[in-house]
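Okay, here's what each chain looks like letter by letter:
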Amino acid sequence: MKEIFENIPVIPFEGKDSDNPLAFKYYDADRVILGKKMSEHLPFAMAWWHNLCAAGTDMFGRDTADKSFGAEKGTMEHAKAKVDAGFEFMKKLGIKYFCFHDVDLVPEADDIKETNRRLDEISDYILEKMKGTDIKCLWGTANMFGNPRFMNGAGSTNSVDVYAFAAKKKKKALDLTVKLGGRGYVFWGGREGYETLLNTDVKFEQENIAKLMHMAVDYGRSIGFTGDFYIEPKPKEPMKHQYDFDAATAIGFLRQYGLDKDFKLNIEANHATLAGHTFQHDLRISAINGMLGSIDANQGDTLLGWDTDEFPFNVYEATMCMYEVLKNGGLTGGFNFDSKNRRPSYTEEDMFYAYILGMDTFALGLIKAAELIEDGRLDRFVEQKYSSWNSELGKKIRNNETTLEELFRYAEEMGAPELPGSGRQEYLEGIVNNILFK
Ligand code: XLS
Ligand code: CA
Ligand code: CA
């Protein structure tokens, strides 16, 4: 078959002194870090929508990139050309996973039966392509936010018919995910939220979202899906307020509705920062609750208040992300580049430069996070910071063996406590810089 990206070779690892733009400087798939290959630490995934579909349209202007891949857009030939392009792209970069929404794969027909037939056809084609490669699906999902019928939500809609239609799409997307061997299935609640409380029954809507999730779990398990379901938190955009605001909110929801055994979280960097947190914060909150499942690898822009989905470039953020991931013992999911080229980066080369940037940023983050852990100064500081809890009294409190009265008596004898000890933030930040720029 004729190559689509004819001018792009297989991307080699050349090391940090290389100035070849089509080479990895840090991502060396077979390099072992803390006992595991880089490629196992970093199961990277290509996002079908940004890489093969989005072509630069924004609210003020049309496409800048040509993503026709030699076929007429809106046809099944184009859908197949995207598969060809996607597999060539992943092979050239050594990427082993992809993520998709149903509508990323085929042009939507007016009749959903026809759309589903097209989805069967394209997933057969993808399966064929997968043969003889080690490329697999990381996760699938259904787009339940684009079509006007979802203007008031899918699981949270006021219309019982729209709800049933959403369930139909969900079932099909689950079938496809299982067919393509997906490790996970994502719920991103783009329209699950509200514009005004004046017209919204929040409790009713949240209960209905949970019911749809339960039905999806029951159905998924019945067809042999053993992977994780994920909620992908995001505070806003497109809705003013989205129910899955951040990791803590989503975890509370999952526990309240008894979904926490089947669900974990897919944490996107740009969503965490939109919620007013750091990326690391939402990773930590997920991890300590046993719910860090997968990551959407991107970054926002501190000067812009929206979801810019930029390719990850910030090595500090990637390092702190990998620090959390290593401490978590890895992910059951992977690192999906839910990232898009900037509109003026419209060439084929730019598609590759973007993934090389993202993969190198996370590889460097992994190397540096492992060095931080091996260095041990951060861990030692935290241990020492809480060392007063190793006292008799500390142990009694931790073991639930004391009372408020007993603490009252202790504190009365003690008088005023000493200051709790310096937090040493600047010292610790200095260690991070020291390791990063070694
Ligand atoms: C949008 C979300 C979306 C999900 C999948 O902001 O990131 O792309 O990852 O529906
Ligand atoms: Ca996003
Ligand atoms: Ca995402």
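Refer to the preceding data block for the structure.
Since we're looking at a predicted model, the values are computed, not measured.

For the rest of this paragraph, the subject is the coordination of the calcium ion (ligand 2). At 2.2 to 3.1 Å from the calcium ion (ligand 2) lie its protein donor atoms, namely Glu 268 (OE), Glu 268 (OE), His 271 (NE2), Asp 307 (OD), Asp 307 (OD) and Asp 309 (OD). For the calcium ion (ligand 2), the donor residues sit on a single chain with the sequence spacing E-x2-H-x35-D-x1-D. The metal-metal distance between the calcium ion (ligand 2) and the calcium ion (ligand 3) comes to 4.4 Å, with Glu 268 coordinating both. Of this pair, Glu 268 sits in strand β10 (residues 263-268) while Asp 309 sits in the loop between β11 (292-296) and α11 (315-327); the two residues are 41 residues apart in sequence, bridging distant segments of the chain. For Glu 268, a relative accessible area of 2% translates into the label buried.

Now for the coordination of the calcium ion (ligand 3). The coordination sphere of the calcium ion (ligand 3), as far as protein atoms go, consists of Glu 232 (OE), Glu 232 (OE), Glu 268 (OE), Asp 296 (OD) and Asp 338 (OD), spread over 2.1 to 3.1 Å. All donors of the calcium ion (ligand 3) belong to a single chain; written as a sequence motif, their spacing is E-x35-E-x27-D-x41-D.

Scanning the model with the defined rule gives two cavities of 30 Å³ or more in all. Looking at the largest cavity, its volume works out to about 170 Å³. Considering the residues around the largest cavity, the lining is formed by 18 residues, among which Lys 170, Phe 187, Trp 188, Gly 189 and Glu 192 are closest to the centre. Here the lining of the largest cavity takes three residues from helix α7 (residues 202-222), the largest share from any one element.

Time to look at the layout of surface pockets. Quantified by volume, the second largest pocket comes out at close to 860 Å³. Residue lining of the second largest pocket: 23 residues in total, with Gln 280, Arg 284, Met 320, Tyr 323 and Leu 378 positioned closest to the centre. Contributing elements (two or more residues each) for the lining of the second largest pocket: α10 (279-288), α11, α13 (377-385) and α16 (425-436). Looking at side-chain class alone, the lining of the second largest pocket contains 11 nonpolar, six polar and six charged residues.

Moving on: the environment of Ala 354. As for its placement among the helices and strands, Ala 354 is situated in helix α12 (residues 348-375). Assessed through its relative accessible area of 7%, Ala 354 is described here as buried. Taking the C-alpha atoms as reference, Ala 354 lies 8.7 Å from Pro 312; in sequence the two are 42 residues apart. Setting aside its immediate chain neighbours within four residues, Ala 354 contacts Phe 311 and Asn 341.

So, on to the nonpolar core. If you look at the biggest cluster of nonpolar residues, it comprises 117 residues, and the most contacted ones within it are Trp 48, Leu 93, Phe 98, Ile 295, Phe 335 and Phe 362. For this core, the leading source of residues is α12, giving 13 residues. The contact partners of Trp 48, leaving out residues within four places of it in the chain, are Cys 53, Lys 82, Val 83, Phe 87, Phe 98, Cys 99, Phe 100, Asp 104, Leu 105 and Ile 126.

A separate point is the state of the cysteines. Using the criterion set out here, one finds zero disulfides in the structure. For the unlinked cysteine Cys 137, the closest cysteine sulfur is that of Cys 99, found at 6.4 Å.

Right, let's get into the side chain of Lys 368. Mapped onto the fold, Lys 368 is located in helix α12. The buried category is assigned to Lys 368, whose relative accessible area is 8%. Setting aside residues up to four positions removed in sequence, Lys 368 forms contacts with Thr 319, Ile 435, Leu 436 and Lys 438.

Let's shift gears to the site of ligand 1. Around ligand 1, the neighbouring residues are Trp 49, His 101, Trp 139, Phe 145, Trp 188, Glu 232, Lys 234, Glu 268, His 271, Asp 296, Asp 307 and Asp 338. A distance of 3.1 Å separates an oxygen atom of ligand 1 from a polar atom in the side chain of Asp 307. In isolation ligand 1 has 290 Å² of accessible area, and contact with the protein removes 93% of it.

Note: strands within a sheet are paired through backbone hydrogen bonds, in either parallel or antiparallel orientation. The strand order β3-β4-β5-β6-β8-β10-β11-β12 describes a closed barrel built from eight strands, whose pairing is parallel. Adjacent strand axes in the sheet meet at a mean angle of 30° when their direction is disregarded. Taken together, the two bridges between β11 and strand β12 (residues 335-337) define a ladder with parallel strand orientation. In the strand pairing of β12, Asp 296 is matched with Asn 336.

This part takes up the pairing of β10. Taken across its six residues, β10 has five buried, putting it largely inside the fold. When strand β8 (residues 228-231) meets β10, the two strands line up parallel, connected through three bridges. Paired with Phe 229 across the bridge in β10 is Phe 263. As paired elements, β10 and β11 share four bridges and run parallel to each other. Across the sheet, residue Glu 268 finds its bridge partner in β11, namely Asp 296.

Here the structure, examined in full by the defined rule, presents 26 salt bridges. The salt bridge involving Asp 102 is made with Lys 169; its shortest N-O contact spans 2.9 Å. Of this pair, Asp 102 sits in helix α4 (residues 102-105) while Lys 169 sits in helix α6 (residues 160-179), and the two are 67 residues apart along the sequence. In terms of burial, Asp 102 and Lys 169 fall into one category: buried. Across the pair Lys 368 and Glu 371 runs a salt bridge whose closest N-O atoms are separated by 3.3 Å. With Lys 368 and Glu 371 both in helix α12 and three residues apart, this pair spans about one turn of that helix. A relative accessible area of 23% places Glu 371 in the partly exposed class. Connected through salt bridges with shared partners, the residues Lys 80, Glu 114, Arg 117, Arg 118 and Glu 121 form a single ionic network.

Rules used in this analysis
Residues numbered from 1 in each chain as written. Chains lettered and ligands numbered in written order. Predicted model: local features only at pLDDT ≥ 70, side-chain atom pairs only at ≥ 80, totals over all residues. Heavy atoms only, no water. Donors = N, O, S within 2.8 Å, 3.2 Å for Na, K, Ca; no water. Helix = DSSP H or I, 4+ residues; strand = E, 2+ residues; numbered from the N terminus. Buried < 20%, exposed > 50% of the residue type's maximum accessible area, 1.4 Å probe, protein only. 1 Å grid on protein atoms, 1.4 Å probe; cavity = no way out; pocket = protein on both sides within 12 Å on 5 of 7 lines; lining within 4 Å. Points joined across faces, edges and corners; volume = space filled by probe spheres on them. Nonpolar A, V, L, I, M, F, W, Y, C, P; charged D, E, K, R; others polar. Contact = heavy atoms within 4.5 Å. Core = buried A, V, L, I, M, F, W, Y, C linked by side-chain atoms within 4.5 Å. Disulfide = S-S within 2.5 Å. Near = heavy atom within 4 Å. Polar contact = N/O pair within 3.5 Å; in protein donor to acceptor, adjacent residues only side chain to side chain. Areas by Shrake-Rupley, 256 points an atom, 1.4 Å probe, with all protein chains shown as cover. Pairing = 2+ DSSP bridges. Axes fitted to C-alpha atoms, helices over the stretch in contact; angles between N-to-C directions. Salt bridge = Lys/Arg side-chain N within 4 Å of Asp/Glu carboxyl O.

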